Amino acid sequence: MSDLASKQCVPCRGGVPPLKGAELEALHRQLPGWQVVNEHHLEKSFHFPDFVQALAFTNRVGQLAEEQGHHPDIYLTWGRVDIKIWTHKIDGLTESDFILAAKIDALAQEKTASAS
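Quantities reported herein were computed from a predicted structural model and do not represent experimental measurements. (Residues numbered from 1 in each chain as written. Predicted model: local features only at pLDDT ≥ 70, side-chain atom pairs only at ≥ 80, totals over all residues. Heavy atoms only, no water.)

Participant: Run through the sheet that holds strand 2 (residues 41-47), naming residues and quoting values.
Facilitator: Taken together, four strands build an open sheet; the order of strands is 1-2-4-3 and the sheet is antiparallel. Of all the strands in the sheet, just strand 1 (35-37) and strand 3 (73-77) have a single pairing partner and so form its edges. Strand-to-strand twist of the sheet, defined as the mean angle between neighbouring strand axes without regard to direction, takes the value 20°. Bridge count between strand 3 and strand 4 (residues 80-85): five bridges; the pairing is antiparallel. Note on strand 4: the bridge partner recorded for Tyr75 is Asp82. (Pairing = 2+ DSSP bridges. Helix = DSSP H or I, 4+ residues; strand = E, 2+ residues; numbered from the N terminus. Axes fitted to C-alpha atoms, helices over the stretch in contact; angles between N-to-C directions.)

Participant: Help me get a handle on the nonpolar core, residues and values and all.
Facilitator: One finds Trp34, Phe57, Phe98 and Ile104 to be the most contacted residues of the largest nonpolar core, which totals 27 residues. Counting residues per element, the ones that place at least two in this core are helix 1 (21-28), strand 2, helix 2 (51-68), strand 4 and helix 3 (95-115). In terms of residue count, helix 3 provides more of this core than any other element does, eight residues in total. Those residues in contact with Phe57, other than ones at most four positions away along the chain, are Phe46, Phe48, Val81, Ile104, Leu107 and Ala108. (Core = buried A, V, L, I, M, F, W, Y, C linked by side-chain atoms within 4.5 Å. Buried < 20%, exposed > 50% of the residue type's maximum accessible area, 1.4 Å probe, protein only. Contact = heavy atoms within 4.5 Å.)

Participant: Tell me about the environment of Thr94, residues and numbers included.
Facilitator: Looking at the element boundaries, Thr94 is found in the loop between strand 4 and helix 3. Excluding residues within four positions of it along the chain, Thr94 makes contact with Leu19 and Thr87. A polar atom in the side chain of Thr94 sits 3.0 Å from the side chain of Thr87. (Polar contact = N/O pair within 3.5 Å; in protein donor to acceptor, adjacent residues only side chain to side chain.)

Participant: Go over helix 2 with me, naming the residues and quoting the values.
Facilitator: For helix 2, spanning 18 residues, the distance from its first C-alpha to its last is 26 Å, which sits close to the expected 26 Å at 1.5 Å a residue. Its side-chain oxygen placed 3.3 Å from the backbone nitrogen of Val52, Asp50 serves as the N-cap of helix 2. Directly after helix 2, the chain includes Gly69, whose backbone phi takes a positive value near 65°. (Expected span 1.5 Å × (residues − 1).)

Participant: Requested: an account of the environment of Phe48, with residues and values cited.
Facilitator: Residue position: Phe48 is located in the loop between strand 2 and helix 2. A residue is classified by how much of its surface remains accessible, and Phe48, at 14% relative accessible area, is buried. Along the primary structure Phe48 and Val81 are separated by 33 residues, whereas in three dimensions their C-alpha atoms are 8.2 Å apart. Leaving out residues up to four positions away in the same chain, Phe48 has contacts with Gln53, Ala54, Phe57, Gly79 and Val81.

Participant: Let's hear about the pattern of salt bridges: which residues, and what values?
Facilitator: Applying the stated criterion across every chain, the model contains four salt bridges. Residue Glu110 is joined to Arg60 by a salt bridge in which the shortest nitrogen-to-oxygen separation is 3.8 Å. Highlighted residues: Glu110 in helix 3 and Arg60 in helix 2, separated in sequence by 50 residues. Given the relative accessible area of 24%, Arg60 is considered partly exposed. (Salt bridge = Lys/Arg side-chain N within 4 Å of Asp/Glu carboxyl O.)

This is how it looks when you write it as structure tokens:
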């Protein structure tokens, strides 16, 4: 588990600037496979052999989001789940976005490990 994945998301109350520049890049380096789009949001696609496994992953991400109080946009289609994360309150990225992304990666790795 990554250092980010071991942390908890913190609700954003607003009034803080979104992450930019070097601070944003340092967090991004900890998340292989995730894209930072326009310094605004994170995106990643997860691939599965069928719809059932993609749906199961979507449901696990939803449960995680509820536990963390931080909710990504999730797009489910046959064999693929696309995730988009940002903090709506500030219309940009916070550390919690990166924490949630790392936790989602951990979920995906758990599923891969259990399938082996």
